[in-house]
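# Per-entry structural report
Chain by chain, the residues run as shown.
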Amino acid sequence: MSSTPHILVINGTKVRQPVFVLGAPHSGTDLLARALKRSTGFHLTAGRPDVLRVTYAFARRPSIATDQERGAARVLRDAYAAAWRISPQGCTECSAECRALSSFAEPGPCVEPRGVERFADSSLDLLYSADVLLDAFPDAQLLQVIRDGRDVVADMLNDDRCLTWFKPGFSNLEDVFPNPFLGVEDETERHRWASSSMAVKCALRWRGAIRLSARLRAQTPAEQLFTVRYEDLVTRPGRVTADMSAYLGARLSKATLSGLVRRSERDAGGRAIGAWKKRLNGKQAQQVERIAGRELTRLGYPLTTDTAS
């Protein structure tokens, strides 16, 4: 897509280098989002209705974005113009997820407009709108998170919101194929979809997201895309924070991110590295490795079976 000139002003502040947090479901994007939202000068949103209506339309039917090109960028920019506006009325539309990121529960804005210098968003499944984001905001900075697909699948299997997309009433394979959102790329996968287990469907979604992330990495300038590995985030939060700060040109709190990581490790259900070994049964682990073995290997996650293709 070609870049679209624009000037977007929110509460008197020009939007420059907005930050978007991308990743597969349960990859750890929420940790980066919390760190940004609690950093001085940032106004981060997540799950605003204005944005979700647009991004899920693009994710579920990519042709909408590719056919409209500049029109798609304009629609997305307009959605953020509404989502980022800071006012008591506008913030009543904030999702529980967005408020949880800031630990702000009271009615009204969660940030002081006069202190905002940068805008950001971490809405779910933004990855599928990455091309449109870069067209709408040519100077955008993207943060993407990569995590072991087996841990991702283990979390997805316990998330009703993620599993809802696999229900017959939501699956749109008959209309959209290949289907990046569901990760279905060939006729065999399409034919077997209805009878596939939830572990297989989750593995396909993760694999599709990783392949999309790889294409994004190949076509995006280094100064506009920074990749964080979840395992590094857990084991070296201070180093990750320093690297993110340098990339964004903004100071992020090492203590904040380190605290968030420690808290995530204590979550019920567990987000520890390698938790899938206890949470997936043998068959599920084998299915994930068979579906996404190449991606796991390429990313440096050792396989435990020899069935991956």
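Notes on the structure follow. Note that the structure is predicted; figures quoted are calculated from it, not measured.

About the cut-offs
- Residues numbered from 1 in each chain as written.
- Predicted model: local features only at pLDDT ≥ 70, side-chain atom pairs only at ≥ 80, totals over all residues.
- Heavy atoms only, no water.
- Pairing = 2+ DSSP bridges.
- Helix = DSSP H or I, 4+ residues; strand = E, 2+ residues; numbered from the N terminus.
- Axes fitted to C-alpha atoms, helices over the stretch in contact; angles between N-to-C directions.
- 1 Å grid on protein atoms, 1.4 Å probe; cavity = no way out; pocket = protein on both sides within 12 Å on 5 of 7 lines; lining within 4 Å.
- Points joined across faces, edges and corners; volume = space filled by probe spheres on them.
- Nonpolar A, V, L, I, M, F, W, Y, C, P; charged D, E, K, R; others polar.
- Buried < 20%, exposed > 50% of the residue type's maximum accessible area, 1.4 Å probe, protein only.
- Contact = heavy atoms within 4.5 Å.

Here the focus is the sheet that holds strand β7 (residues 225–229). Across the sheet, which stays open at both edges, the five strands sit in the order β4-β5-β3-β6-β7 with parallel pairing between neighbours. Edge positions in the sheet fall to β4 (42–45) and β7, since each of these pairs with one other strand and no more. Averaged over all adjacent pairs, the angle separating strand axes in this sheet is 20°, with direction ignored. Bridge count between strand β6 (residues 141–146) and β7: five bridges; the pairing is parallel.

Before going further, it helps to spend a moment on the layout of surface pockets. Of the voids in this model, the largest pocket is the one considered here, and its volume is about 490 Å³. Thr29, Asp30, Glu97, Leu124 and Arg161 are the residues nearest the centre of the largest pocket, which is lined by 30 residues in total. Of all the elements in the fold, those that place two or more residues in the lining of the largest pocket are β3 (19–23), α1 (29–37), α5 (96–102) and α8 (160–164). Broken down by element, the residue count for the lining of the largest pocket peaks at four residues, all from α1. Its residues assigned to classes, the lining of the largest pocket comprises 13 nonpolar, seven polar and 10 charged.

Mapped onto the fold, Gln287 is located in helix α15 (residues 282–298). A relative accessible area of 10% places Gln287 in the buried class. With near-sequence residues (within four places) excluded, Gln287 lies in contact with Ser197, Ala199 and Val200.

Note that every value here comes from positions in space, so none of it alone points to a role or purpose.
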